[in-house]
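# Secondary and tertiary structure notes
Each chain, letter by letter, is given below.
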Amino acid sequence: MLMLLVSVTGTVAAWFMGDVVHVVGDNGFGLPSANEWISDSAVSLAVSLGLNVAISFMLLYLNRRFNIIRSMSMLFAGMFLVMQAGQPSLMGQLYDGSVMCFIILLTIIPFFSTFQRPDRTRRIFLSFFLISLGSLTSYAYLVYLIVFLIGCFQMQCLSVRGLLAAGTGIITPYWILCGFGIISLSSFTMPEFINIFDALEGRDLAQIVVYTIVNLILGVGFGIFDMIKIYSYNARARAYNGFWIIMTIITTLFVIVDYTNLIIYLPILNCCTAIQIGHFFTINNMRRTYIPICCIYVIYIVLYVWSVTL
């Protein structure tokens, strides 16, 4: 709760100082991007703060229900908020990245419940339906279709019916919206790829690049250490944690490959990194653990100060 208060206060302060850089959307496949949903910047800030807090509590719910890190620790939820606040532009406005992060976490809830239950095709359908629906506002959602297809093997729920459910879930949002005339083939737009080097300049560009590199190093580094321990878990725990590792790897890959749109992937990368950090300190519960944890907090405090003072 302290991290929540600090993160929200820091983001609001950055917004008042004018240090929240507007993120441009890519328009997706037919519907406006999330950054175009709210024109008032103050309302956008409030909604974004609420959404980020909801994401942190959803992480806690996922861990409580599926025992992902095998502990009731709340460290990773607070870590996520601190990481988001380290770059106020991620938390200080409603945009595709935070909305996509929320949708993906929402999708994981029914998806994890399909472990060794190939008969639960409705839940597979729902998971792919939500991701496909999101792709109408941002093409980045399509990346996570790959993650969830691989996840079907990890959950041991893939069957012919499951594949049909996934395919139907992908098609259905487009079919419904076309049927109701909300989108049409003539108004169907391809996503606009935004060059971050044109959208951001100087200090802003340097900040987002350094911030991303720090997240990648922490996420991949802690993830490697966690994998060693995960192999000793039971099949269910290996499947759940393996899914997060796959999502971390693919998100990292597309942050590098789709670097012109990297800011969209950062909230999910922060989620994955926070979970890996929380997992590491849970399975390596040693004396004075607070010292390395505080060091990580200091890194993001420095990144935050850099973004609002220089």
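For the structure, see preceding data.
Residues numbered from 1 in each chain as written. Predicted model: local features only at pLDDT ≥ 70, side-chain atom pairs only at ≥ 80, totals over all residues. Heavy atoms only, no water.

### Regarding empty space enclosed by the protein
Using the following cut-off: Cavity and pocket criteria rest on a 1 Å grid covering protein atoms alone: a 1.4 Å probe that fits but cannot get out defines a cavity, protein on both sides within 12 Å along at least 5 of 7 lines defines an open pocket, and an atom within 4 Å of a point defines a lining residue. Grid points are joined across faces, edges and corners, and a volume is the space filled by probe spheres set on the points.
Enumeration according to the criterion identifies two cavities of 30 Å³ or more in this entry. Counted as a void, the second largest cavity has a volume near 30 Å³.

### Describing the environment of L2
Applied cut-off: Where helices and strands are cited, they refer to DSSP runs of H or I of at least four residues and of E of at least two residues respectively, numbered from the N terminus.
Among the secondary structure elements, L2 is positioned in helix 1 (residues 2-16). The spatial distance from the C-alpha of L2 to the C-alpha of G78 is 8.1 Å, given a sequence separation of 76 residues.

### A short note on helix 13 (residues 290-309)
Basically, it comes down to this: In this scheme, a helix's expected span is set at 1.5 Å multiplied by one less than its residue total. Each residue's exposure class comes from its accessible area (1.4 Å probe, protein chains only) as a fraction of the maximum for that residue type: buried when under 20%, exposed when over 50%, partly exposed otherwise. Directions pointing from the helix axis toward each C-beta atom define the arc.
For helix 13, spanning 20 residues, the distance from its first C-alpha to its last is 28 Å, which sits close to the expected 28 Å at 1.5 Å a residue. When we look at burial in helix 13, the residues that qualify are I293, I296, Y297, Y300, L303, Y304, S307 and V308. What you see down the axis of helix 13 is that its buried residues fit within an arc of 130°, all on one side. In helix 13, the exposed positions angled more than 90 degrees off the buried face are occupied by V302 and T309.

### A word on the nonpolar core
Cut-off, in case you're wondering: As used in this record, nonpolar core signifies buried Ala, Val, Leu, Ile, Met, Phe, Trp, Tyr and Cys residues forming a set joined through side-chain atoms within 4.5 Å.
Among the nonpolar cores identified, the biggest contains 95 residues, and L105, I108, F112, Y144, F148, W244 and M247 are the most heavily contacted of them. Broken down by element, this core gets its largest block of residues, 14 residues, from helix 12 (residues 262-283).

### Describing the pattern of salt bridges
How we decide: Should a side-chain nitrogen of Lys or Arg be within 4 Å of a carboxyl oxygen of Asp or Glu, the pair is scored as a salt bridge.
Inspection of every chain in the model, using the stated rule, returns one salt bridge. One salt bridge in this structure joins D119 and R117, with 3.0 Å as the shortest N-O distance. Judged by its relative accessible area of 43%, D119 falls in the partly exposed class.

### Notes on the environment of S41
Among the secondary structure elements, S41 is positioned in helix 2 (residues 41-66). Overall, the relative accessible area of 44% leaves S41 in the partly exposed class. Counting along the chain gives 19 residues from S41 to H22, while the straight-line C-alpha distance between them is 9.4 Å.

### Structural notes on the environment of T11
Just so we agree on the cut-off: Contacts were defined at the residue level, with two residues in contact if any of their heavy atoms lie within 4.5 Å.
Looking at the element boundaries, T11 is found in helix 1. According to the relative accessible area criterion, T11 is buried, its value standing at 0%. When the C-alpha atoms of T11 and S184 are compared, they prove to be 39 Å apart, with 173 residues separating the residues in sequence. In this structure T11 touches L45, L49, A85, P88, M91 and G92, once residues within four positions along its chain are discounted.

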